[in-house]
Amino acid sequence: MKIEKEESSSVKIYNDADFKGLKKSGELAAKALEYIKKLIKPGVKTNFIDQAANKYLNDHGAFSAPLFYRGYMKSICTSINHVVCHGIPGDKVLNEGDIVNVDITSILDGYYGDTSKTFSVGNISVEAEKLLKVTYESMMEGIKILKPGITLGDIGFAIQSYAESHGYSVVRDFCGHGIGKTFHEEPNILHYGKKGEGMKIKKGMVFTIEPMINLGEYHTKVLQDGWTAVTKDKSLSAQFEHTVGIIDNGYEIFTL
């Protein structure tokens with residue numbers, strides 16, 4: 001999500017019953033991602049993937065969270081190559097060698113499940129393959145340290161230091177976010193930062209970790225459609241995302 005100023009420090013704390021609902025929704029979103037995996041191939045239009053994902057959610061008793069959100073008219077986001085995030089499905093055809101991030105958020109029984117994955121379209125370059133690998137690992141570096149008492153800065157530091165150690169840059173203009181019974185809640189989860197800085201995380205907090213990692217510089221711009229964010233230098237960008245909940249001694253990933 002686009003970084004916005006937080007207006008208060010009211011971070012929602014969820015209980016065990018909520019965690020069950022969030023896990024159910026998160027797992028469905030993950031299954032939808034797995035379902036559309038077979039559609040990711042050269043010659044397929046992103047609109048077709050969008051319709052298939054929406055039907056999958058509806059067939060399983062859920063709805064798409066992005067559909068009609070702030071005027072967005074599609075069910076998922078499809079971000080190809082140098083598109084960082086919020087790519088809008090349409091008549092764009094996937095080509096051999098592309099990479100495409102598919103971002104799916106389900107609403108099931110009032111709970112939100114948000115996840116994304118960057119897929120290869122056919123055979124991709126060694127360069128692109130390495131970017132996907134490091135982007136996924138960067139997300140997991142941020143997740144594996146999660147437990148009550150660490151700070152938001154610790155998460156950002158873990159992701160940033162890992163990505164930059166491989167020569168990549170971390171997008172600054174977009175971030176993870178709290179999520180639960182609404183799509184976007186506090187706090188913002190930055191994917192860069194300094195150890196020990198920012199809010200301490202507590203048991204019961206739920207948020208996304210969704211780093212966008214660029215092959216080139218981290219600078220982005222939003223196109224005239226008001227949604228599609230791209231790298232300014234047109235370098236490749238990849239993203240992976242999980243929704244996580246904080247438990248007594250660590251974390252639970254809801255979107256496996």
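This write-up is about the structure you can find in this document. (Residues numbered from 1 in each chain as written. Predicted model: local features only at pLDDT ≥ 70, side-chain atom pairs only at ≥ 80, totals over all residues. Heavy atoms only, no water.)

### As for the sheet that holds strand S11 (residues 220-222)
Taken together, the three strands give an open sheet; going across it, the order is S3-S12-S11, and neighbouring strands pair in antiparallel fashion. Because the sheet does not close on itself, it has two edges, and the strands there are strand S3 (83-85) and S11. Neighbouring strand axes in the sheet, compared pairwise and without regard to direction, differ in orientation by 40 degrees on average. The sheet contact formed by S11 and strand S12 (residues 229-231) spans three bridges and is antiparallel. Considered in S12, the bridge of lysine 221 is made with valine 230. (Pairing = 2+ DSSP bridges. Helix = DSSP H or I, 4+ residues; strand = E, 2+ residues; numbered from the N terminus. Axes fitted to C-alpha atoms, helices over the stretch in contact; angles between N-to-C directions.)

### Observations regarding the environment of isoleucine 80
Looking at the secondary structure, you find isoleucine 80 in strand S2 (residues 77-80). In this structure the C-alpha to C-alpha distance between isoleucine 80 and valine 121, which are 41 residues apart in sequence, comes to 10.0 Å. With residues near it in sequence (within four places) discarded, isoleucine 80 still touches Thr46, Lys92, Leu94, Asp98, Ile99 and Val100. (Contact = heavy atoms within 4.5 Å.)

### Considering the pairing of strand S15 (residues 250-253)
Two faces belong to every sheet, and in a regular strand the side chains alternate between them. In terms of strand pairing, strand S14 (residues 242-247) meets S15 through four bridges, oriented antiparallel. Its bridge partner being in S15, glycine 245 is matched across the sheet by glutamate 252. In textbook terms, the turn of a hairpin is the stretch between consecutive antiparallel strands, and for S14 and S15 this stretch comprises two residues.

### Here's the deal with helix H2 (residues 46-59)
For H2, which comprises 14 residues, the first-to-last C-alpha distance of 20 Å matches the rise-based estimate of 20 Å (1.5 Å per residue) to within 8%. Taken residue by residue, H2 has Thr46, Asn47, Ile49, Asp50, Ala52, Ala53, Asn54, Tyr56 and Leu57 as its buried positions. Packed against the buried residues of H2 are helix H1 (16-36), strand S1 (63-64), S2 and strand S4 (99-108). Downstream of H2 by a residue or two, glycine 61 has a phi angle that is positive, lying close to 80 degrees. (Expected span 1.5 Å × (residues − 1). Buried < 20%, exposed > 50% of the residue type's maximum accessible area, 1.4 Å probe, protein only.)

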